[in-house]
Amino acid sequence: MRAAEEARHKAGLSRPELQILMAIRYTPGQTVGDLRDSLSMTVPTFARIIGELDKRGLIEREREQASDKRRRALTLSDAGTTLTTQITIVLRERLRLAYRAAGPDAVEGARKVMDALVK
C-alpha cells in the first residue's frame, strides 16, 4: 500500500482519481454511469473527478454509437496510459519482491485465497 501511495503522490493524483484511472485501465469502455456505480461514488463527486481527469488529458469520453448519445464510454488517453503504466510497474515490482521474499508456499497460499475471493 505504501508503494501505491508513493506512486499516487508522485503522479499528483488523489486516491479517487487513481481509483478511477486504474478501473478504466483494466476495464476500458465502461460508461460513466456504470463506472460510477461500480465504484460507489456519488454523482457530484464522480462528475467533478472525471472533469478534472478530462482537463488534465488523462481520459477520453467517447460517445457510444447506440441510440442514447448522452452515454459516454471512458478510455485512457495516451497520457493516462503512460501514467498508469508507470504506477503499475512500481506496484508489480513491489509485489514481485514480496512474493520472492515470502517463498513458493506462501505464494501458493496467496493464490488460493485470491481464487476463493473471486468465486
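See the structure shown above.
Here the structure is a predicted model, which means the values were calculated and not measured.

**Student:** How do you make sense of the overall build of the protein when you look at a structure like this?
**Tutor:** The number of helices and strands found in the protein is six helices and two strands. From first element to last, N terminus to C terminus, the protein shows the α and β order α-α-α-α-β-β-α-α. Dimensions along the principal axes, computed over C-alpha positions, put the protein at roughly 50 × 35 × 25 Å. Out of the 119 residues belonging to the protein, those deemed buried represent 31%. Considering only residue pairs separated by 6 or more positions, the protein has 52% of its internal contacts joining residues 24 or more positions apart. For the protein, the accessible surface area stands at approximately 8200 Å², while carbon and sulfur atoms represent 55% of it. Of the charged side chains in the protein, 22 are positive and 16 negative; the average position of the first set lies 2 Å away from that of the second.

**Student:** In this structure, what is going on with the nonpolar core? I would like to understand it.
**Tutor:** In this structure, Leu 13, Ile 20, Leu 21, Leu 35, Phe 46, Leu 53 and Ile 59 are the most contacted members of the largest nonpolar core, which totals 22 residues. Broken down by secondary-structure element, the contributors of at least two residues to this core are helix H1 (2–11), helix H2 (15–26), helix H3 (32–39), helix H4 (43–55), strand S2 (72–76) and helix H5 (78–102). Apart from residues lying up to four places away in sequence, Leu 35 is in contact with Ile 20, Ala 23, Ile 24, Gln 30, Phe 46 and Leu 74.

**Student:** Looking at this structure, how should I read the layout of surface pockets?
**Tutor:** Considered as a void within the structure, the largest pocket measures approximately 310 Å³ in volume. Lining the largest pocket are Met 1, Arg 2, Ala 3, Ala 4, Glu 5, Arg 8, Arg 15, Leu 18, Gln 19, Leu 91, Arg 94 and Leu 95. When residues of the lining of the largest pocket are traced back to their parent elements, those giving at least two are H1, H2 and H5. No other element matches H1, which puts five residues into the lining of the largest pocket. Of the residues that constitute the lining of the largest pocket, the class distribution is six nonpolar, one polar and five charged.

**Student:** Can you walk me through the pattern of salt bridges in this structure?
**Tutor:** Where side chains of opposite charge bring their charged atoms close, a pairing between them can arise. Inspection of the entire model under this criterion finds eight salt bridges. Residue Arg 56 pairs with Glu 17 through a salt bridge whose shortest N-O separation is 3.7 Å. Placement of Arg 56 in the loop between H4 and strand S1 (59–63) and of Glu 17 in helix H2 is noted, with a sequence separation of 39 residues between them. A residue is classified by how much of its surface remains accessible, and Arg 56, at 36% relative accessible area, is partly exposed.

**Student:** Is there a simple way to explain the side chain of Ser 77 in this structure?
**Tutor:** When you line up the elements, Ser 77 lands in the loop between S2 and H5. Given a relative accessible area of 7%, Ser 77 falls into the buried group. Of note is the side chain of Ser 77, whose polar atom sits 2.4 Å from the backbone oxygen of Gly 57.

**Student:** So what exactly am I meant to see when it comes to H4 here?
**Tutor:** Residues separated by three or four positions in an α-helix point in the same direction, a consequence of the helix having 3.6 residues per turn. Spanning 13 residues, H4 covers 18 Å between terminal C-alpha atoms, matching the ideal 18 Å at 1.5 Å per step. Listing the buried residues of H4 in full gives Phe 46, Ile 49, Ile 50 and Leu 53. The arc that holds every buried residue of H4, seen down its axis, measures 100°, which confines them to one face. In H4, the exposed positions angled more than 90 degrees off the buried face are occupied by Pro 44, Arg 48 and Lys 55. On the buried face of H4, the contacting elements are H2, H3, S1 and S2.

Here is what the cut-offs are and how they apply
- Residues numbered from 1 in each chain as written.
- Predicted model: local features only at pLDDT ≥ 70, side-chain atom pairs only at ≥ 80, totals over all residues.
- Heavy atoms only, no water.
- Helix = DSSP H or I, 4+ residues; strand = E, 2+ residues; numbered from the N terminus.
- Buried < 20%, exposed > 50% of the residue type's maximum accessible area, 1.4 Å probe, protein only.
- Contact = heavy atoms within 4.5 Å.
- Areas by Shrake-Rupley, 256 points an atom, 1.4 Å probe, with all protein chains shown as cover.
- Lys, Arg positive; Asp, Glu negative; His and termini not counted.
- Charge placed at Lys NZ, Arg CZ, Asp CG, Glu CD.
- Core = buried A, V, L, I, M, F, W, Y, C linked by side-chain atoms within 4.5 Å.
- 1 Å grid on protein atoms, 1.4 Å probe; cavity = no way out; pocket = protein on both sides within 12 Å on 5 of 7 lines; lining within 4 Å.
- Points joined across faces, edges and corners; volume = space filled by probe spheres on them.
- Nonpolar A, V, L, I, M, F, W, Y, C, P; charged D, E, K, R; others polar.
- Salt bridge = Lys/Arg side-chain N within 4 Å of Asp/Glu carboxyl O.
- Polar contact = N/O pair within 3.5 Å; in protein donor to acceptor, adjacent residues only side chain to side chain.
- Expected span 1.5 Å × (residues − 1).
- Arc of directions from axis to C-beta.

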